[in-house]
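Here are the chains, one letter per residue:
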Amino acid sequence: MQPIFEVRNLKRAFGGLAVTNDVSLSMAPGDRVALIGPNGAGKTTFVNLVTGNLTPGSGEVRLGGETVTGIDAIGRVRRGLVRSFQVTRLFLEMTPAEHVALAVLQRDGRSGRLFGNFLAMPDVMDEVGQLLGKLGLRELMHRKVSEIAYGQQRLLEIAVALALKPKVLLLDEPAAGVPQSDTGRIEQALADLPADLAVLMIEHDMDLVFRFAKRVVVLAAGAIIFDGSPSDVTRDPRVREAYLGSYANASHAA
Amino acid sequence: MSMTTTNEMIGQTPVRRRFGASDLIGLGVIVALAIVGYFLFPNNLALLTRIIAIALLVLSLDLVTGYCGVATLGHAALFGAGAYAAGIVSAHYGINDPIAMLAFGIAAGAVAGLLCGAVILRAHGLPQLVLSIALIHLFHEFANKASSWTGGSDGLSGIAPSALLGLYEFDLWGRTAYVFGVVLLVLVFAILRLIVRSPFGMLCRAIKEDPVRIRSMGASPKAALMKMYVISGAVAGVGGALNAISTQVVGLDSLSFTMSAESLVMLVLGGTGSLFGALTGTIVFMFFEDVVSAANPFHWLTMVGALLIAVVLFAPKGLYGTAADFLSRRREAK
Amino acid sequence: MQTVLSIAIDALAYGMVLFVISIGLSVTMGLMRVVNLAHGAFAMIGGYIASYAARDLGLAYGFAILLAVFGTILIAIPIERLLYRRIYGAPELTQVLMTIGITFCIIGIANYVFGPTLKTVPLPAQLQGSVDLGFRAIATHRLFAILCGLAVALALWYAIERTAFGVKLRASVDNAAMAAALGVRTQIVYAVSFAVAVGLAAFGGVVGAELLPVEPYYALRYMVTFLVVVSVGGAGSIPGALAACLLLGGIDTTGRYLMPEFGEFFFYLAVIAIICVFPRGLAGRTKG
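Residues numbered from 1 in each chain as written. Chains lettered and ligands numbered in written order. Predicted model: local features only at pLDDT ≥ 70, side-chain atom pairs only at ≥ 80, totals over all residues.

**Observations regarding the overall build of chain A**
Consideration 1: A tally of regular secondary structure across chain A gives nine helices and ten strands.
Consideration 2: Against the globule reference of 18 Å for 254 residues, chain A gives a C-alpha radius of gyration of 19 Å, in line with a compact fold.
Consideration 3: For the C-alpha atoms alone, the extent of chain A along its principal axes is close to 55 × 40 × 35 Å.
Consideration 4: When each of the 254 residues of chain A is scored for burial, the buried share is 44%.
Consideration 5: Of all intrachain contacts in chain A linking residues separated by at least 6 positions in sequence, the fraction that spans at least 24 positions is 65%. (Helix = DSSP H or I, 4+ residues; strand = E, 2+ residues; numbered from the N terminus. Rg over C-alpha atoms; globule rule 2.2 N^0.38 Å. Buried ≥ 20, exposed ≤ 12 C-beta atoms within 10 Å, placed from the backbone. Contact = placed C-beta atoms within 7 Å.)

**Considerations on the interface of chain B and chain C**
Consideration 1: Listed by partner, the interface residues are 33 residues for chain B and 39 residues for chain C.
Consideration 2: Of all elements in the fold, only α6 (125-145), α12 (257-270) and α14 (297-314) of chain B reach the threshold of two or more residues within the side of chain B that touches chain C.
Consideration 3: With 14 residues, α6(B) is the largest single contributor of residues to the side of chain B that touches chain C.
Consideration 4: Of the residues that constitute the side of chain B that touches chain C, the class distribution is 25 nonpolar, five polar and three charged. (Nonpolar A, V, L, I, M, F, W, Y, C, P; charged D, E, K, R; others polar.)

**Remarks on the nonpolar core**
Consideration 1: Counting residues in each nonpolar core, the largest one holds 293 residues, and the members touching the most others are A:V100, A:A159, B:L56, B:L135 and C:V20.
Consideration 2: Element by element, the count of residues in this core is highest for helix α1 (residues 2-32) of chain C, at 16 residues.
Consideration 3: Here B:L56 is in contact with B:L185, B:V188, B:V235, B:A236, B:V238, B:G239 and B:L242, once residues within four sequence places are set aside. (Core = buried A, V, L, I, M, F, W, Y, C linked by C-beta atoms within 7 Å.)

**Considerations on helix α2 (residues 21-40) of chain B**
Consideration 1: When the terminal C-alpha atoms of α2(B) are compared, their 28 Å separation across 20 residues agrees well with the 28 Å that a helix rising 1.5 Å per residue should span.
Consideration 2: Of all 20 residues in α2(B), one are buried, a share of ten percent or less. (Expected span 1.5 Å × (residues − 1).)

**Thoughts on the sheet that holds strand β4 (residues 58-63) of chain A**
All names here are of chain A.
Consideration 1: Judged by pairing direction, the sheet is antiparallel, and its four strands sit side by side in the order β2-β1-β4-β5 without closing on themselves. Of all the strands in the sheet, the pair left with one neighbour each is β2 (17-27) and β5 (66-67).
Consideration 2: Across the sheet, helix α1 (residues 43-51) is in contact with β1 (5-14), β2 and β4; its angle to β2 comes to roughly 60 degrees. (Pairing = 2+ DSSP bridges. Axes fitted to C-alpha atoms, helices over the stretch in contact; angles between N-to-C directions.)

**A short note on the interface of chain B and chain A**
Size of an interface: often given as the accessible area lost when the parts come together.
Consideration 1: The partner chain A presents 37 residues to the 31 residues of chain B that form the contact.
Consideration 2: Secondary structure elements with two or more residues in the side of chain B that touches chain A: α1 (3-9), α8 (175-197), α9 (199-209) and α10 (211-215) of chain B.
Consideration 3: The leading source of residues in the side of chain B that touches chain A is α9(B), at seven residues.
Consideration 4: Partitioning the side of chain B that touches chain A into residue classes produces 13 nonpolar, nine polar and nine charged.

**So, the packing of α1(C) against helix α11 (residues 238-258) of chain C**
All names here are of chain C.
Consideration 1: With their axes 7 Å apart at the nearest point, α1 and α11 run at an angle of 140 degrees to one another. On the basis of their axis angle, the class for α1 and α11 is oblique. Both α1 and α11 take part in a crossing whose hand is right-handed. Together, T3, I7, D10, A11, L12, Y14, G15, L18, F19, S22, I23 and S26 of α1 and I238, A241, L242, C245, L246, L248, G249, G250, D252, T253, T254 and Y257 of α11 make up the contact between the two elements.
Consideration 2: Tallied by class, residues from the contact of α1 with α11 come to 14 nonpolar, eight polar and two charged. (Parallel < 35°, antiparallel > 145°, perpendicular 65-115°, else oblique. Left-handed = near helix turned anticlockwise from the far one by under 90°.)

**Considering the sheet that holds strand β9 (residues 215-220) of chain A**
Residue and element names in this part refer to chain A.
Consideration 1: Ordered in space as β6-β7-β8-β3-β9-β10, the six strands form an open sheet in which the pairing is mixed. At either end of the open sheet lies a strand with only one pairing partner, and these are β6 (81-83) and β10 (223-228). Averaged over all pairs of adjacent strands, the angle between strand axes in this sheet comes to 20 degrees, irrespective of strand direction.
Consideration 2: Summarising the sheet, strand β7 (residues 168-172) and strand β8 (residues 198-202) pair through five bridges and their orientation is parallel. Across the sheet, residue L170 finds its bridge partner in β8, namely L200.
Consideration 3: The sheet strands contacting α1 are β3 (32-36), β6, β7, β8 and β9, and the helix crosses β7 at an angle near 150 degrees.

**Let's talk about the environment of B:D171**
Consideration 1: Topologically, B:D171 is positioned in the loop between α7 (147-150) and α8.
Consideration 2: Taking the C-alpha atoms as reference points, B:D171 and B:A244, 73 residues apart in sequence, are found 15 Å from one another.

**So, the environment of A:F5**
Residue and element names in this part refer to chain A.
Consideration 1: Within the secondary structure layout, F5 lies in strand β1.
Consideration 2: Under the C-beta neighbour-count criterion, F5 is labelled buried, with 25 such atoms within 10 Å.
Consideration 3: With 166 residues separating them along the chain, F5 and L171 place their C-alpha atoms 15 Å apart.
Consideration 4: Setting aside chain neighbours within four positions, we find F5 in contact with M27, L63, V168 and A198.

**A few points about unusual backbone geometry**
Consideration 1: Even without glycine at this site, A:N9 takes up a positive phi of about 50 degrees.
Consideration 2: Here A:N9 lies in strand β1.
Consideration 3: Residues other than glycine seldom take positive phi values, yet B:Q248 does so here, at roughly 60 degrees.
Consideration 4: Its place among the elements puts B:Q248 in the loop between α11 (221-247) and α12.
Consideration 5: The class of B:Q248 is partly exposed, set by 18 C-beta atoms lying within 10 Å.

**Considerations on the packing of helix α6 (residues 164-174) of chain C against helix α8 (residues 186-207) of chain C**
Residue and element names in this part refer to chain C.
Consideration 1: Orientation of α6 relative to α8, taken along the N-to-C sense of each, is 105 degrees, at an axis distance of 10 Å. As the angle between them shows, α6 and α8 are arranged roughly perpendicular. On α8, the residues that touch K168, L169 and S172 of α6 are T186, V189 and S193.

**Examining the pairing of β9(A)**
All names here are of chain A.
Consideration 1: Two elements, β3 and β9, share four bridges in a ladder whose sense is parallel. If you follow V33 over to β9, its bridge partner there is R215.
Consideration 2: Pairing analysis gives five bridges linking β9 to β10, with the strands arranged antiparallel. Opposite V218, over in β10, you have F226 as the bridge partner.

**Details of α1(A)**
It helps to recall that an α-helix has 3.6 residues per turn; residues three or four apart then point in one direction.
Consideration 1: All of the buried residues in α1(A) are A:K43, A:T45, A:F46, A:L49, A:V50 and A:T51.
Consideration 2: Just downstream of α1(A) lies A:G52, where phi reads positive at about 95 degrees.

**So, the pairing of β4(A)**
All names here are of chain A.
Consideration 1: Direction of pairing for β1 relative to β4: antiparallel, over a ladder of five bridges. Looking at β4, one finds that R8 is bridged to E60.
Consideration 2: Sheet analysis places β4 next to β5, joined by two bridges and oriented antiparallel. For R62, the partnering residue across the bridge sits in β5 and is T67.
Consideration 3: Between β4 and β5, which pair antiparallel in sequence order, lie two residues; one of them, G64, sits at a positive phi of approximately 55 degrees.

**What to know about the confidence of the model for chain C**
Residue and element names in this part refer to chain C.
Consideration 1: Chain-level statistics for chain C give a pLDDT mean of 85 and a share of 96% at 70 or above.
Consideration 2: Highest mean pLDDT in chain C belongs to helix α2 (residues 39-56) (92); lowest belongs to strand β1 (residues 130-132) (76).
Consideration 3: Both confidence scores are given for the complex: pTM 0.87, ipTM 0.85. (pLDDT = per-residue confidence, 0-100.)

What follows is the structure, given as structure tokens:
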């Protein structure tokens, strides 16, 4: 299948130290890829290079066949590359309904409208209700975000990202910091993601990785050392070496 | 606690932000206050008109500071631009129709807003604040030096607005000016209520909380803030033009740092991020000023300073914000 | 050539006075992250005290300076305790409002106590007249101001780079929480820095009284000048502040010599241009 998202020979160095070294990656619609790697492997830098918050030294990022390396972060979002944040970055004084409505309006190019209120726009409210309903947030849609539980805030992060109708979704540790009792809800939301969406999930929690991903990419010292099926990842000698046993006990999960 | 119990607990929350009713009440309150003012101070309509003009400036400041989180000490630049534009077209070009003067004031305010926004939004934090102060001084110096246009430190005189709509002369008592001002305030207030609750208003509130997050949703915070600055400039321009038309003179003080700082004080006194807060702050402050500064202008500055410190320490949400909080807590307790 | 030299000397003297007054602001801003609009007001208080001591009480110039520095610190201590403590870590707007409120109060009180007129600090005989440098004579007072600026810069450099207190200060500027975890008593570092900052402001206010005349609106008139030194130089950076002061001193003085009519206009224009070009300051070391 034609790749929807492609990274070719991406390089970036900070003061001589190659943080991202010749990384190439390709994803097709519907892919579920997990990006893992030990601390300091360069995952954050990689995400920033992909989203356009950092400029690569060389290499290119392609989105739906178009080279977006020279396009800024906002332009990439508008072309369908959307990310969620590891630490929830929501607008605490605003409601879930407002969050999703803002994303819907932004996507349709209506966020600059000076009149009307989304509460009175049936098409927007339909979509807001549907999205929040799917994630079990419908009852809370008019509460302030600062008043809802952290697990629900994580779900709202996903809702906002989905409302932008992305082609490629970068999920940065979607379950980070969520109490054990609530992770099921988030895993369900991940399982329910649109089938044609390409998802790249950056995750530490190997259990989640093995349940979610059809493919695992391992980043270590700025380079991709493994790109293959989840069942092979823990058997790979280079991966084992990179982790130096820190995730050795994860092998029983495979 | 698991999510399901939380859901049940707050399940029946009613829809917040019902629209329509509160707007009509707000407009009704403004009109009622205007009528009361008219009969209570028939000999002081000039003061009331000035309060309206300043209220427009404070509303305009609320748009960028309260709704977008831009701290500025140079907002009088937009007000002064409107005042001088309305004054200059009348004094130098013989355009005396008040509506036309108003239009020039709005346009000049919007242009000044564009200019100030383009400069101020280049930086953040302290440099942003310094830019805003430097800008208002720059505007002030410019108006001072361009005295053939502005009258310099003597002020711009020779403004002679003709009858409003060809029917109502601007009388000595200031009745026409007052009614004109009230109508403008009501119109602007209604428009701003629409804008504040529109998708664009929502976008601005989100930018105030986290501009980085907004970028990752594909919206440009800077473009939105520039747009808000232009709107804010137009509103301040209405206030400036109203001031020029009603007093028929424009002084350098309308482009001063003190005016900028005072408008910020009024906004904070009433409560940022709320149009009613902006109005409340202006009315309280202006009446206070009228009483105290008549006694001694130097004590006045001390009083403003003390007032400001007191608001920061004891009512950080401002008079209106604190009252509204109190009421909503009372309602929730029931 | 003569004009160029005169401008250079005046610019240097003016820049040094700016430096003495604003360096304390820069350090406290880097340290406590407080946007302090009232800093100029402390310089003004220093000027008033010195003027009162030297002119009305007839005290010696040096003694008047000492009195101004310690008097201003004494006045500042309760203000810091009661008001500034409340706004450390508060949003920027809150800090702006509080410190502008303090400024207004001080202006109003100064006006009430000393009246609206200009106050001079009479110079002793040794500082009047001029010094012949061989190729040209310069006003002794200008030389004195320049030397004071250099002395302050050197003393601060020594205090910050070479003393135990300096280590604690730098650690606190870099990361207050970390410094506290390592056993630095940041509260004391804050208090000492604030006192030194206010003292230096007062010192600069007295020494610079010839160049920045003492009157009630002093605190407002030069507010932007002091703030711009910090935002151009970068909060907490001594070389940055020095560079910014000399640059701004040069621009302002040149403007006043060459275009006295439009001096201030070009000064503010330059300020805007500099910040637009360096939104993070010359030293570029700003956080948040």
